[in-house]
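# Examining the three-dimensional arrangement
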Amino acid sequence: MASIAQAIRMALHKAETQLGVEDIFGEDVGPPLGGVFTCTQGLTKSWNTPLDERGIIGMAIGLAMAGQKPVAEIQFCDYIFNTIDLLKLAGNTCWSSHGQFPLQMVIMSPVGTGIHGSIYHSHSFESMATHIPGLKVVLPSNPLDTYGLLISAVKDPNPVLFLYPKALIRVQGSEKIPGEPLDPKELSSRIDAPIENRKSWSPDWPMLEEHEVEIGKASLLRKGSSLTVISYARTLPLCVQAADQLKTQGHSIEVIDLRTLIPWDESLVYKSVQKTGRVLIVNEDTEVTNFGEHLLRKINEHCFYFLQTPPKLLAGVNTPGIGLAWTLEQSQVPQLQSIQEHMKNLCELSA
Amino acid sequence: MGLTKIDLEKIYRLMIKARVLETRLIKMSKSDDGYFWIGGPGEEAFNVPLGLLIQKGEGLDYDYCHFHYRASACLLAMGSPMIDSIRQMANRSSDPFSGGRNFVSHYAIKEWNIMPVTSPIEVQYVMAPGTAWAQKKHNANGITIVTGGDAGTAEGDFASCLQWSSRPNMELPILIIVTNNHYGISTPFDQVHGDSVIAKRAESFGIKWSTVNGNDPIASYKKLEEAMNYVRSEKKPFCLEAYVSRLHGHSSSSGGNRVENEIDCIEEFEGILIKEQILSEKDCVELKETYEKEALDALKQVREEPFPLADTVFQHIYKETK
Ligand SMILES: Cc1ncc(C[n+]2csc(CCOP(=O)(O)OP(=O)(O)O)c2C)c(N)n1
């Protein structure tokens, strides 16, 4: 089974060979490295840019204005902050020009904790990103969705911010991308660049079948009746794990992978919360003005009379950064244990 | 000098037209007809030749224009009617650039490759390499033109433009223009800049550069033609700095009144044309009156046009799918 890194590569291979993408670019994105997380290895349309994030986003906007379909990468979302006004422009150009200039472009960037990244390789960006109207924001948590969402992002006529969780980049998926070789060793030998003699290497891409994930559709990963848990990215698999463990103790928990934040799947969420009457939102962005707070507000408005317990958000603590020492990082963003405790408490809280 | 009498007369006519338009827009900002004004009175001698030399059209084979908000004379020279600027000033739904959403001089014309003019200073300089790269890749006939003010060149985006335009073996067909009026809003250029010739910065990137007296339409035309021919034929960047006047201050926020002690390119050019007997004083007065009438008639018409409906704010957030 593919990893997220491999899924990105395979989606971009399709994008450059079948979907009209002519430019995949960013810092160290082209040969020889193919991206610091190897997500762009083996591609033919990938190229290295100057170390200039504003230049990268500006290039993408300019290409999109000229009707191209650029895919740009910001190496770590920790370094996307100086481009925020360009992201604003990417988001508002269609509106300001009264529809004349929709910008078809994808910006990829890895987010979050989980690699001992300390202060500047651990940031989340989704809450800020969702504050930029006109962008679409997606954030998959597994390779299959990564593939399907990236294909949809490339095809979308609007600017899409494609975030992906660093902590899970190398984790193998549990579901096959249709057509991929089942043996991970085979896939690796075909599409992972060798450490040495890269110059003469070229990948042997598997023939994948069509697979797309519609932007705006969440995925229901576990069905349950007594609690709805909504998450995405690094914390999502932890929520699934916690729900499975609590099931053995008799708790029936529904787990939703939101996958896309703008637009997000309101109907799936409301249906679930109206059924279970309890809701926990889990993510690792800092808790103040967190995207989860928006979800809570909307859930309150649409599901208030169905709620049996106060709806809850479990998020990252509101500190200026993530500390390097594991004792710090573990205490700053939700971990399996804290997630499980919150779930259990909510399930056991009497209505 | 390469330009015929007819050319000179045409340039003069467009300069007058642009000045009359701006004067009308300023009046509107001081009345109930509009709010904020910003524009280009004082830059006509440079902007009219620029507009005339642009290969206008849609797509890679035509020139992409990433303009500053003082480009009204370019737009008129390209054939944009006065009334459209008046519509934007009056924020009517008929404003073809933004549907009543944006300030005046914030043009956007898809069919002419006029990229949306933005309020954030200097961002056009990081976007322009994108259209230029698309043209380079496709070996297209068009070039990319970007314009902006002097103060804004302190932003990193200006350096980014030079950097991205001059990558080895990937030099871009881009004309990088700075219209230097010697001020930001109120801050004089030399109070906060250690360098004196902005275009010279291009030299360290291996980019050809030059300066021109932007108050002289003939010199501007020649220099622009040379620079554009170079960019078109060599498919390489060129940086041109034009020294221009700012005749009504920064914008309506500083009053929008006519200032003293700045050269007026129209007065100067008019003097030459009269002396050379290309036009008479009477011709000049009549021309001005004709355009004044056109602008006033346009305003009267625009006053009758509707404002955008409130619920249209939700249109065009994303590309509309029919
Ligand atoms: C990024 C940014 N900072 C500040 C402003 C406010 N502002 C508007 S115009 C201006 C001065 C621009 O001067 P210059 O670049 O020389 O252009 P000019 O207006 O003189 O043509 C400033 C500071 C802005 N619009 N954008």
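Residues numbered from 1 in each chain as written. Chains lettered and ligands numbered in written order. Predicted model: local features only at pLDDT ≥ 70, side-chain atom pairs only at ≥ 80, totals over all residues. Heavy atoms only, no water.

## Some details on the domain arrangement of chain A
Residues and elements named next belong to chain A. Short version of the rule: Domain start and stop points were drawn from an automatic or database domain assignment. The contact definition used throughout considers only heavy atoms, calling two residues in contact when any of these lie within 4.5 Å. By buried area we mean how much accessible surface two parts lose on assembly, using a 1.4 Å probe and totalling the loss over both. Just to be clear on terms, a salt bridge is a Lys or Arg side-chain nitrogen sitting within 4 Å of an Asp or Glu carboxyl oxygen. As used in this structure description, the phrase polar contact means that two N or O atoms lie within 3.5 Å; if the pair is within protein, one of them must be able to donate a hydrogen and the other to accept it, and residues adjacent in sequence are counted only when both atoms belong to side chains. Comment: elements are numbered from the N terminus, with helices defined as DSSP H or I runs of at least four residues and strands as E runs of at least two. Ten residues, namely Ala, Val, Leu, Ile, Met, Phe, Trp, Tyr, Cys and Pro, are considered nonpolar, four, namely Asp, Glu, Lys and Arg, are considered charged, and the remaining ones, Gly among them, are considered polar.
Taken domain by domain, chain A holds domain 1 (4-191) and domain 2 (219-348). The C-alpha centroid of domain 2 is placed 25 Å from the C-alpha centroid of domain 1. Taken together, the 27 residues of domain 1 in the interface contact 24 residues of domain 2. In this assembly, domain 1 packs against domain 2 so that about 2000 Å² is buried in total across both faces, 57% of it on carbon and sulfur atoms. Per-residue buried area on domain 1 facing domain 2 is highest for Thr113, Ser127 and Leu139; these three make up 24% of the total on that side. For the interface between domain 1 and domain 2, the tally reads 1 salt bridge. Between Asp145 and Arg259 there is a salt bridge whose closest N-O contact spans 3.0 Å. Where domain 1 meets domain 2, there are 12 residue pairs in polar contact (both at pLDDT 80 or more). Listing elements by their share of the side of domain 1 that touches domain 2, those giving two or more residues are α4 (126-129), β5 (136-138) and α5 (143-155). Among the elements that take part in the side of domain 1 that touches domain 2, β5 stands out by supplying 3 residues, more than any other. Per-class residue counts for the side of domain 1 that touches domain 2 are 12 nonpolar, 12 polar and 3 charged.

## Regarding α5(A)
Residues and elements named next belong to chain A. Under the convention used in this document: Expected helix span is given by 1.5 Å per residue-to-residue step, counting one fewer step than there are residues. Accessibility here uses a 1.4 Å probe with only protein chains present; expressed as a share of the type maximum, an area under 20% marks a residue as buried, one over 50% as exposed, and anything in between as partly exposed.
For α5, spanning 13 residues, the distance from its first C-alpha to its last is 18 Å, which sits close to the expected 18 Å at 1.5 Å a residue. Counted residue by residue, α5 has 12 buried out of 13 residues, so it is predominantly covered. Among the residues of α5, Pro143, Leu144, Asp145, Thr146, Tyr147, Gly148, Leu149, Leu150, Ile151, Ser152, Ala153 and Val154 are the ones counted as buried. The opening residue of α5, the one whose side-chain oxygen lies 3.1 Å from the backbone nitrogen of Leu144, is Asn142.

## Notes on the environment of Gly26(A)
All names here are of chain A. Checked against the element boundaries, Gly26 lands in strand β1 (residues 24-26). With 46 residues separating them in the primary sequence, Gly26 and Ala72 have C-alpha atoms 5.8 Å apart. Apart from the residues lying within four places of it in its own chain, the contact partners of Gly26 are Trp47, Asn48, Thr49, Ile56 and Glu73.

## Examining the sheet that holds strand β3 (residues 71-73) of chain A
All names here are of chain A. Going by this rule: At least two bridges found by DSSP between two strands are what make those strands a pair. The axes are straight lines fitted to the C-alpha atoms, using for helices just the contacting stretch, and the angles between their N-to-C directions are given from 0 to 180°.
Overall, mixed pairing links the 7 strands, which are arranged β2-β1-β3-β4-β6-β5-β10 in an open sheet. Two strands bound the open sheet, and with one partner strand each, they are β2 (46-48) and β10 (260-262). When the angles between neighbouring strand axes are averaged without regard to direction, this sheet yields 20 degrees. Note: β1 against β3, 3 bridges, orientation parallel. Bridging across to β3, Phe25 finds its partner in Ala72. Taken strand by strand, helix α2 (residues 53-65) contacts β1, β2, β3 and β4 (105-111), and its axis lies near 155 degrees from that of β1.

## Quick word on the nonpolar core
The line we're drawing: Among the buried residues, those of types Ala, Val, Leu, Ile, Met, Phe, Trp, Tyr and Cys that are joined through side-chain atoms within 4.5 Å form a nonpolar core.
Ile61(A), Leu161(A), Ile230(A), Leu258(A), Val269(A), Ile299(A) and Ile176(B) are the most contacted members of the largest nonpolar core, which has 82 residues in total. If you count residues domain by domain, this core takes at least three from each of domain 1 (4-191) and domain 2 (219-348) of chain A. Among residues more than four places away in sequence, those in contact with Val269(A) are Ile230(A), Ile256(A), Leu258(A), Trp264(A) and Ile299(A).

## Points about the interface of chain B and chain A
On the chain A side, the residues contacting the 39 residues of chain B number 38 residues. Counting the surface chain B buries against chain A, the share from its top three residues, Met127(B), Trp164(B) and Tyr318(B), is 22%. Linking chain B with chain A are 3 salt bridges. Notably, a salt bridge pairs Asp23(A) with Lys137(B), separated by 2.4 Å at the nearest N-O pair. Linking chain B to chain A there are 19 residue pairs in polar contact (both at pLDDT 80 or more). Where the side of chain B that touches chain A is concerned, the elements lending two or more residues are β1 (64-66), α5 (123-137) and α6 (156-165) of chain B. Considering every element that reaches the side of chain B that touches chain A, the biggest residue donor is α5(B), with 9 residues. Along the lines of polarity and charge, the residues of the side of chain B that touches chain A split into 20 nonpolar, 12 polar and 7 charged.

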